[in-house]
Amino acid sequence: MKFIKYLVLGVFFGIILSKAEVISWYRIYEMFKFQSFHMYGVIGSAVLVGIIFIAIVKKTNLKSLYGETIVIPPKQLSIPRYLYGGIIFGLGWALLGACPGPMFILLGSGYSVLIIPILAAILGTYTYGVVRDKIPH
Amino acid sequence: MDKVVEILSQPWPWYVAGPLIALIMGLLIYFGNTFGISSNFRTVCAMTIGGKQCSFFDFNWKDQIWNLVFLGGTVIGGFLASEYLSSDLPILLNEKTIKELVELKVYSPEDGINPTSLFNWETLFTLKGFLIFIVGGFLVGFGTRYAGGCTSGHAISGLSNLQLPSLIAVVGFFIGGLVMTYFLLPFILSL
């Protein structure tokens, strides 16, 4: 039963990204060409509201639904992994026109061929796991 | 009810979608979790191939089932939106974008919000399709784990938490995305 709320949130997330055209290949192209404010507006307003929410969580030591103090684990600072990893991700994002969430939402929208990049992404993640000790972090 | 469906079927403006995405993130945090889609790729590796071959996949993936359920929900959400909330209006892109896309031969007005000329099984079996679907997907999967997050984990969650690593990752997303869009994509689409 405890998983139902995640299913419901996932459904809403899928609908939001569909209706805001975040799952549109065209919108990603347009964003990287700086020809529309739309995607910047979506991400920017999400971050703005997110900043306020997380600030309140920290300020009030908000407890989670299960009564535990919410801790947001910080990421360790280094440059290579975030920069190189980010560049590789960005190349794929602009090429496929979809980041991980939209890949799955598009699959549900009826673009069955999206199962292929999903499998390729799993293979990519597996490959990272195998070579991670050999690349700079 | 019909009126509600009609309103919801219009494209949603950014100032509605963005705060709603933040609300999803906020609820996941309130439930004691984090918001990050790409972790699921790692979970699938741990579930299938397992940690014996590779220590990176040696973790208790059962703690991540909630995220797989969330992911399953997104697929259902995509189905519901396309089935019951779709709009017949063409996507309102910048005119300059449309002109470029016509030149790149990926745009047609009856397409809906995605290029049907690209997103189909016939394209997969061409060099262009191999690059877009297989190489593109691989780069996303490799890059996101290398960077420790994707758009949801870094651009939304990480920046909301004012994390410098996430800002570096997002700068990386844009360097890669711009190089692809300006220099490589026109060539790949012409194949």
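Residues numbered from 1 in each chain as written. Chains lettered and ligands numbered in written order. Predicted model: local features only at pLDDT ≥ 70, side-chain atom pairs only at ≥ 80, totals over all residues. Heavy atoms only, no water.

**Re the side chain of Thr-43 of chain B**
Residues and elements named next belong to chain B.
- Looking at the element boundaries, Thr-43 is found in helix α3 (residues 39-48).
- Overall, the relative accessible area of 0% leaves Thr-43 in the buried class.
- Residues within four places of Thr-43 in sequence aside, it is in contact with Phe-59, Trp-61, Gln-64 and Leu-68. (Helix = DSSP H or I, 4+ residues; strand = E, 2+ residues; numbered from the N terminus. Buried < 20%, exposed > 50% of the residue type's maximum accessible area, 1.4 Å probe, protein only. Contact = heavy atoms within 4.5 Å.)

**A few points about empty space enclosed by the protein**
- Within this structure, the stated rule accounts for 1 cavity of 30 Å³ or more.
- When residues of the lining of the largest cavity are traced back to their parent elements, those giving at least two are α1 (4-19), α3 (38-60) and α5 (100-108) of chain A together with α8 (151-160) of chain B. (1 Å grid on protein atoms, 1.4 Å probe; cavity = no way out; pocket = protein on both sides within 12 Å on 5 of 7 lines; lining within 4 Å. Points joined across faces, edges and corners; volume = space filled by probe spheres on them.)

**Observations regarding α3 of chain A**
- In a regular helix each residue adds 1.5 Å, so 23 residues correspond to 33 Å; α3 of chain A covers 33 Å between its end C-alpha atoms and thus fits that length.
- Of all the positions in α3 of chain A, only His-38, Met-39, Gly-41, Val-42, Ile-43, Ser-45, Ala-46, Val-47, Gly-50, Ile-54 and Val-57 of chain A are classed as buried.
- At its buried positions, α3 of chain A is contacted by α2 (25-32) of chain A together with α2 (14-30) and α8 of chain B.
- Positioned one or two residues after α3 of chain A, Asn-61 of chain A has a phi angle of 50°, which is positive. (Expected span 1.5 Å × (residues − 1).)

**Some words on the interface of chain A and chain B**
- Taken together, the 108 residues of chain A in the interface contact 123 residues of chain B.
- When the two sides are added together, the surface that chain A and chain B hide from each other amounts to roughly 10,300 Å², 78% of it contributed by carbon and sulfur.
- Sorting the residues of chain A by area buried against chain B places Lys-19, Tyr-26 and Leu-95 of chain A first, and these three jointly supply 9% of that buried surface.
- Summed over the shared surface of chain A and chain B, the number is 1 salt bridge.
- Connecting chain A to chain B are 29 residue pairs in polar contact (both at pLDDT 80 or more).
- Of all the secondary structure elements, the ones that give two or more residues to the side of chain A that touches chain B are α1, α2, α3, α4 (80-96), α5 and α6 (115-131) of chain A. (Buried area = accessible area lost by both parts, 1.4 Å probe. Salt bridge = Lys/Arg side-chain N within 4 Å of Asp/Glu carboxyl O. Polar contact = N/O pair within 3.5 Å; in protein donor to acceptor, adjacent residues only side chain to side chain.)

**Quick look at helix α9 (residues 164-190) of chain B**
- An ideal rise of 1.5 Å per residue puts 39 Å on 27 residues; α9 of chain B measures up with 38 Å between its terminal C-alpha atoms.
- Along its length, α9 of chain B shows its largest kink, about 55°, at Leu-184 of chain B, and proline Pro-186 of chain B lies within four residues downstream of that point. (Bend = angle between axes of the 7 residues up to and from the residue.)

**Considerations on the nonpolar core**
- In terms of nonpolar packing, the biggest core is built from 97 residues, with Phe-13, Trp-25 and Met-103 of chain A together with Ile-21 and Phe-70 of chain B touching the most fellow members.
- If you tally residues by element for this core, the top one is α9 of chain B, at 9 residues. (Core = buried A, V, L, I, M, F, W, Y, C linked by side-chain atoms within 4.5 Å.)

**A closer look at the packing of α2 of chain A against α3 of chain A**
Residues and elements named next belong to chain A.
- Between α2 and α3, the least distance of the axes is 8 Å, while the angle of their chain directions is 90°. In this view, α2 runs roughly perpendicular relative to α3, as classed from their interaxial angle. Residues Arg-27, Ile-28 and Met-31 of α2 lie in contact with α3, whose contacting residues are His-38, Met-39 and Tyr-40.
- The class makeup of the residues in the contact of α2 with α3 is 4 nonpolar, 1 polar and 1 charged. (Axes fitted to C-alpha atoms, helices over the stretch in contact; angles between N-to-C directions. Parallel < 35°, antiparallel > 145°, perpendicular 65-115°, else oblique. Nonpolar A, V, L, I, M, F, W, Y, C, P; charged D, E, K, R; others polar.)

**Comments concerning the layout of surface pockets**
- Considering only enclosed or pocket space, the largest pocket measures out at about 1,000 Å³ in volume.
- What lines the largest pocket is a set of 46 residues, and nearest its centre among them are Pro-73 and Lys-75 of chain A together with Thr-34, Phe-35 and Ser-39 of chain B.
- Where the lining of the largest pocket is concerned, the elements lending two or more residues are α1 of chain A together with α2, α3, α4 (65-84) and α8 of chain B.
- Per-class residue counts for the lining of the largest pocket are 18 nonpolar, 18 polar and 10 charged.
- Roughly 570 Å³ of volume is contained in the second largest pocket.
- Residue assignment for the lining of the second largest pocket shows that the elements contributing at least two residues are α1 of chain A together with α4 of chain B.
- By residue number, the principal contributor to the lining of the second largest pocket is α4 of chain B, which donates 3 residues.
- When the residues that make up the lining of the second largest pocket are grouped by side-chain class, the tally is 14 nonpolar, 10 polar and 6 charged.

**Quick word on a nonpolar patch on the surface**
- The grouping of Phe-34 and Leu-77 of chain A together with Leu-164, Leu-167, Val-171, Ile-175, Val-179, Tyr-182, Phe-183 and Leu-184 of chain B at the surface amounts to a nonpolar patch, some 920 Å² of accessible area in total.
- Checked against the element boundaries, Val-179 of chain B lands in helix α9. (Patch = residues over 30% accessible without salt bridge, like charges linked within 9 Å, V, L, I, M, F, W, Y side chains within 5 Å. Areas by Shrake-Rupley, 256 points an atom, 1.4 Å probe, with all protein chains shown as cover.)

**Describing unusual backbone geometry**
- Non-glycine residue Glu-21 of chain A carries a positive phi angle of around 60°.
- In this structure Glu-21 of chain A comes out as buried when scored by relative accessible area, which is 6%.

**Details of the side chain of Lys-19 of chain A**
- Note that Lys-19 of chain A resides in helix α1.
- There is no salt bridge for the buried Lys-19 of chain A, and the closest opposite charge comes from Glu-21 of chain A, which lies 6.8 Å off by N-O distance.
- Ignoring any residue separated from it by four or fewer positions in sequence, one finds Lys-19 of chain A in contact with Leu-8, Ser-9, Gln-10, Pro-11, Trp-12, Leu-85, Ser-86 and Ser-87 of chain B. (Lys, Arg positive; Asp, Glu negative; His and termini not counted.)

**Comments concerning the confidence of the model for chain B**
- Taken residue by residue, chain B gives an average pLDDT of 95. The fraction at 70 or more is 100%.
- For this predicted complex, the interface score ipTM comes out at 0.96, alongside a pTM of 0.96. (pLDDT = per-residue confidence, 0-100.)

**Comments concerning the packing of α6 of chain A against helix α7 (residues 127-147) of chain B**
- Between α6 of chain A and α7 of chain B, the shortest axis-to-axis distance is 6 Å and the interhelical angle comes to 45°. The angle between α6 of chain A and α7 of chain B falls in the class oblique. Crossing angle aside, the handedness with which α6 of chain A passes α7 of chain B is right-handed. In this structure, α6 of chain A contributes Ile-116, Pro-117, Ala-120, Ala-121, Leu-123, Gly-124, Thr-125, Thr-127, Tyr-128 and Val-131 of chain A to the contact, and α7 of chain B contributes Phe-133, Ile-134, Gly-137, Phe-138, Gly-141, Phe-142, Arg-145 and Tyr-146 of chain B.
- In terms of residue class, the contact of α6 of chain A with α7 of chain B is made up of 12 nonpolar, 5 polar and 1 charged. (Left-handed = near helix turned anticlockwise from the far one by under 90°.)

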